[in-house]
Amino acid sequence: TFFSRHGDSSCLGNDYILSLYCDTKANLWVGTFQGLCRYDYSTNSFVNYKAARPVIITGILRDKQGRIWFAAGDGLWIVDEQKLSIKKFVLPNDTVFGKTFRSYVYQMIASREGDWYLATNKGIKIFNPLTHEYSEIRHNPQNKFSISNDYVYSVSLDSSGYLWAS
């Protein structure tokens, strides 16, 4: 059993855990209400990643290049392993991306093809972490076949590759 301890940087950064992720190197990543940490099996302690401010981490994924990304209360973030820090992901010179992905991300999942689907308070965001291509699925009151609401809390892909949302 692990808990946070004020002033102890080798403990969990916060007791309120929102996401867990085990990567292909068997690293256990822990997303909390105030940031990201990784469990270090060799020392039975945690490595806490620095950020400019507290970040609510709701989901964690690894891309095909091995980079760790996470969903947060204000979009996508990425881990800088060299600096043991996290930073908000932005596409330089692309103001549309910043506006499109400025949303609360509740969950994210990866498809077999490499695209990620993000359940957000502004519809479903679709993002490819390697190519940085993106799009979105939003509610359109004029289209009876659009999603019923922009508040999407959960997404899933079934065995046939169909996207489900709630």
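A quick note: this is a predicted structure, and the numbers were derived from the prediction, not measured. (Residues numbered from 1 in each chain as written. Predicted model: local features only at pLDDT ≥ 70, side-chain atom pairs only at ≥ 80, totals over all residues. Heavy atoms only, no water.)

Focus on the overall build of the chain
Part 1 of the reasoning: What the chain contains, in helices and strands, is one helix and 14 strands.
Part 2 of the reasoning: The C-alpha atoms of the chain give a radius of gyration of 17 Å, which matches the 15 Å a tight globule of 166 residues would have.
Part 3 of the reasoning: When its C-alpha atoms are laid out on the principal axes, the chain stretches across 55 × 35 × 30 Å.
Part 4 of the reasoning: For the chain, the residues scored as buried account for 42% of the 166 residues in total.
Part 5 of the reasoning: Partitioning the contacts of the chain with sequence separation of at least 6, the portion at a separation of at least 24 is 43%.
Part 6 of the reasoning: Counting only carbon and sulfur atoms, one obtains 52% of the accessible surface of the chain, whose full area is about 9800 Å².
Part 7 of the reasoning: Between the centroid of the 18 positive side chains of the chain and the centroid of its 15 negative side chains there is a distance of 4 Å. (Helix = DSSP H or I, 4+ residues; strand = E, 2+ residues; numbered from the N terminus. Rg over C-alpha atoms; globule rule 2.2 N^0.38 Å. Buried < 20%, exposed > 50% of the residue type's maximum accessible area, 1.4 Å probe, protein only. Contact = heavy atoms within 4.5 Å. Areas by Shrake-Rupley, 256 points an atom, 1.4 Å probe, with all protein chains shown as cover. Lys, Arg positive; Asp, Glu negative; His and termini not counted. Charge placed at Lys NZ, Arg CZ, Asp CG, Glu CD.)

As for the side chain of D150
Part 1 of the reasoning: Relative to the helices and strands, D150 resides in the loop between strand 12 (134–137) and strand 13 (155–157).
Part 2 of the reasoning: There is a polar contact of 2.7 Å between the side chain of D150 and the backbone nitrogen of H139.
Part 3 of the reasoning: In this structure D150 touches T120, N121, K122, G123, R138 and H139, once residues within four positions along its chain are discounted. (Polar contact = N/O pair within 3.5 Å; in protein donor to acceptor, adjacent residues only side chain to side chain.)

Some points on the pairing of strand 3 (residues 35–40)
Part 1 of the reasoning: Across the six residues that make up strand 3, a large majority, five, are buried.
Part 2 of the reasoning: Bridge count between strand 2 (residues 28–32) and strand 3: five bridges; the pairing is antiparallel. Among the inter-strand pairings, T32 is bridged to a residue of strand 3, identified as G35.
Part 3 of the reasoning: Counting the residues between successive antiparallel strands, the hairpin from strand 2 to strand 3 contains two residues.
Part 4 of the reasoning: Two strands pair when backbone bridges link them, and strand 3 and strand 4 (residues 45–48) are joined in this way by four bridges, in the antiparallel orientation. Looking across to strand 4, one finds that D40 is bridged to S45. (Pairing = 2+ DSSP bridges.)

Brief notes about the sheet that holds strand 9 (residues 105–110)
Part 1 of the reasoning: Here we have four strands laid out as an open sheet, ordered 9-10-11-12, and antiparallel in their pairing. With one partner strand each, in any of the chains shown, strand 9 and strand 12 form the two edges of the open sheet. Direction aside, the axes of adjacent strands within the sheet are offset by 20° on average.
Part 2 of the reasoning: In this structure, strand 11 (residues 123–127) lies alongside strand 12, joined through four bridges in antiparallel fashion. (Axes fitted to C-alpha atoms, helices over the stretch in contact; angles between N-to-C directions.)

Considering the sheet that holds strand 7 (residues 75–80)
Part 1 of the reasoning: Within the open sheet, the four strands sit side by side as 5-6-7-8. Their pairing is antiparallel. Looking at strand neighbours, the two that pair on one side only are strand 5 (57–62) and strand 8 (85–88), the edges of this open sheet. Each strand of the sheet is rotated relative to its neighbour by a mean of 30°, with strand direction disregarded.
Part 2 of the reasoning: Pairing between strand 7 and strand 8: four bridges, direction antiparallel. Residue V79 lies in a different strand from strand 8, and its bridge partner there is I86.

Details of the side chain of S103
Part 1 of the reasoning: Within the secondary structure layout, S103 lies in the loop between helix 1 (95–100) and strand 9.
Part 2 of the reasoning: Look past the residues within four positions of S103 in its chain and what remains in contact with it is A72, G73, D74, G75, T120, N121, K122 and K125.

By themselves, these observations are geometric and do not establish any function.
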